[in-house]
Amino acid sequence: MAAKFLFFAQSSDWMKLKRLDIILKEPIQLLELINNTNELKPIKEYINCLKVSINHSIVNINSTIKDGDEVAFLPPFSGG
Amino acid sequence: MKFITAGKLPTLEYAAKKVKSDKYGAIVTFSGTIRGTEKEQTIESISYESYNEMAEKELKKIVLEIKKTFNVSIFLKHKIGKIPVGEASLIVASAGVHRRETFLACEKVIDEIKAKVPIWKVKFE
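Note that residues are indexed from 1 along each chain, following the sequence as it is written. Chain A is the first chain written and ligand 1 is the first ligand written, with later ones labelled in order. Residue-level local features of this predicted model are given only where pLDDT is at least 70; pairs of side-chain atoms are given and counted only at 80 or more, and the full residue set underlies all totals for whole chains, interfaces and linings. Hydrogen atoms and water are omitted, and side-chain values are computed over all heavy atoms in the structure.

Asker: How would you sum up the overall build of chain A? Please name residues and give values.
Answerer: Counting from the N terminus, the helices are the DSSP runs of H or I reaching at least four residues and the strands are the DSSP runs of E reaching at least two. Counting its regular elements, chain A contains 3 helices and 7 strands. Walking chain A from its N terminus toward its C terminus, one meets helices and strands in the order β-α-β-β-α-α-β-β-β-β. The C-alpha radius of gyration of chain A comes to 12 Å, within 12% of the 12 Å expected for a compact globule of 80 residues. For chain A, the spread of C-alpha atoms along the principal axes amounts to about 40 × 25 × 20 Å. What makes two residues a contact is simply this: any of their non-hydrogen atoms within 4.5 Å. Considering only intrachain contacts with a sequence separation of at least 6, the fraction spanning at least 24 residues in chain A is 53%. Positive charges are assigned to Lys and Arg, negative charges to Asp and Glu, while His and the chain termini are left out of the count. The atom standing in for a charge is NZ when the residue is Lys, CZ when it is Arg, CG when it is Asp and CD when it is Glu. Separation of charge centres in chain A, based on 9 positive and 9 negative side chains, amounts to 4 Å. Using C-alpha atoms as the atom set, the radius of gyration is obtained and then compared with a globule rule of 2.2 Å times the number of residues to the power 0.38.

In structure tokens:
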């Protein structure tokens, strides 16, 4: 099992993909993972513009994630 | 009930029927439609994307909270995918005892959707 990373709207444009699976050997802070993972590099410079969710709940960027979690990078909403 | 659809939105008449009750004296319906301009550019359509599972959960929370706060009944549907100018992306119906809380509830639903639901306009054509 891996942690699932989903990218929506502008965040998928920056990443040039909609989903990325990463196997986490142990739980890790999300920001630490972003800072130290090449595949997540494109999102790094935009992180202050985004909300993040873990398993459908908005969380702080310093939250801990683990294998099996679903993490989503959410630009400002524009529904309605 | 699913709040998000990629298919055709129901009519406002259908939405009003879903909230109508003998205990209510007011029904408010709202249709959010696609305008023909975006940042002063003429457009023909807007495409919407959603994080479906999370959006459905957030919409359910919003509806439950507003029903409780205003003592109203709420029906809403949000369309995703490509929507041409003039067509609706969102319909909301609220019903309450009096018009004051019914109008307020309808407006609050829309405000909450814009603030809390992971749905995005992703393409302007």
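Asker: Could you give an account of the nonpolar core, naming the residues involved and the relevant values?
Answerer: Buried Ala, Val, Leu, Ile, Met, Phe, Trp, Tyr and Cys residues that are joined via side-chain atoms within 4.5 Å together make up what is termed a nonpolar core. Accessibility here uses a 1.4 Å probe with only protein chains present; expressed as a share of the type maximum, an area under 20% marks a residue as buried, one over 50% as exposed, and anything in between as partly exposed. Among the nonpolar cores identified, the biggest contains 27 residues, and B:Ile66, B:Ile74 and B:Leu76 are the most heavily contacted of them. Contributing elements (two or more residues each) for this core: β5 (45-50), α2 (52-70), β6 (73-79), β8 (88-96) and α3 (99-116) of chain B. By residue number, the principal contributor to this core is α2(B), which donates 6 residues. With residues near it in sequence (within four places) discarded, B:Leu76 still touches B:Met1, B:Phe3, B:Leu59, B:Val63, B:Leu90, B:Ile91, B:Val92, B:Val109 and B:Ile113. Judged by nonpolar contacts, the second largest core, of 20 residues, contains A:Ala3, A:Leu24, A:Leu33 and A:Ile47.

Asker: Requested: an account of the sheet that holds β5(B), with residues and values cited.
Answerer: All names here are of chain B. For two strands to count as paired, DSSP must find a minimum of two bridges between them. One open sheet accounts for 3 strands, arranged β7-β5-β9; its pairing is antiparallel. The two strands at the open ends of the sheet, each matched to only one other strand, are β7 (81-84) and β9 (119-124). When the angles between neighbouring strand axes are averaged without regard to direction, this sheet yields 30°. Lines fitted to C-alpha atoms define the axes, with helix axes restricted to the stretch in contact, and inter-axis angles between N-to-C directions lie between 0 and 180 degrees.

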